[in-house]
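Geometric and topological summary
Each chain, written out:
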Amino acid sequence: MTNPAVSNLPRVVIDWDDRGNHRVFADPGVVIYDRATHLPDDALYRYAPPPIPSGWTDGVAGYKGDGSKAEQRLVGLVSEHAPREGK
């Protein structure tokens, strides 16, 4: 079921494999900025990712506060990579 509140928003999908590598897909017209401060001469990179493969967003999606294992894993990743004081 599609949530009408978000059905018109552009979509970005980050596809993670079992080794922690990822690929980014998005709706046409979406521009992604990749920030890597450990590369001072090339810290910001802009690109337009390939389109989201058909069927990938047709299922039920978890969300913040749903208590799922996916949410717990994401909260851990966000906490681990959150900006720290002075950075």
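Residues numbered from 1 in each chain as written. Predicted model: local features only at pLDDT ≥ 70, side-chain atom pairs only at ≥ 80, totals over all residues. Heavy atoms only, no water.

1. Quick word on the overall build of the protein chain
- When helices and strands are tallied, the protein chain shows 1 helix and 4 strands.
- Walking the protein chain from its N terminus toward its C terminus, one meets helices and strands in the order β-β-β-β-α.
- When burial is assessed residue by residue, the protein chain has 13% of its 87 residues classed as buried.
- Restricting the contact set of the protein chain to residue pairs at least 6 apart, pairs at least 24 apart contribute 28%. (Helix = DSSP H or I, 4+ residues; strand = E, 2+ residues; numbered from the N terminus. Buried < 20%, exposed > 50% of the residue type's maximum accessible area, 1.4 Å probe, protein only. Contact = heavy atoms within 4.5 Å.)

2. Comments concerning the pattern of salt bridges
- Under the defined criterion, the tally for this structure stands at 3 salt bridges.
- One salt bridge in this structure joins Arg23 and Asp15, with 2.6 Å as the shortest N-O distance.
- On the accessibility criterion, Arg23 (47% relative accessible area) is partly exposed.
- By relative accessible area, Asp15 is classed as partly exposed at 23%.
- The salt bridge involving Arg19 is made with Asp17; its shortest N-O contact spans 3.4 Å.
- By relative accessible area, which is 31% here, Asp17 ends up partly exposed. (Salt bridge = Lys/Arg side-chain N within 4 Å of Asp/Glu carboxyl O.)

3. Observations regarding a nonpolar patch on the surface
- Judged by side-chain polarity, Val12, Ile14 and Trp16 come together as a nonpolar surface patch covering roughly 310 Å² of accessible area.
- Its place among the elements puts Trp16 in strand S1 (residues 12–16). (Patch = residues over 30% accessible without salt bridge, like charges linked within 9 Å, V, L, I, M, F, W, Y side chains within 5 Å. Areas by Shrake-Rupley, 256 points an atom, 1.4 Å probe, with all protein chains shown as cover.)

4. A few points about the environment of Asp17
- With respect to the helices and strands, the residue Asp17 is situated in the loop between S1 and strand S2 (22–26).
- Side-chain polar atoms of Asp17 contact the backbone nitrogen of Gly20, separated by 3.1 Å. (Polar contact = N/O pair within 3.5 Å; in protein donor to acceptor, adjacent residues only side chain to side chain.)

5. Considerations on the side chain of Asp27
- For Asp27, the position within the fold is in the loop between S2 and strand S3 (32–35).
- The buried category is assigned to Asp27, whose relative accessible area is 16%.
- Looking at Asp27, its side chain comes within polar contact range of the side chain of Arg11, at 2.7 Å.
- Not counting chain neighbours up to four residues away, the residues in contact with Asp27 comprise Leu9, Pro10, Arg11 and Ile52.

Everything listed here is a matter of geometry and, on its own, says nothing about what the molecule does.
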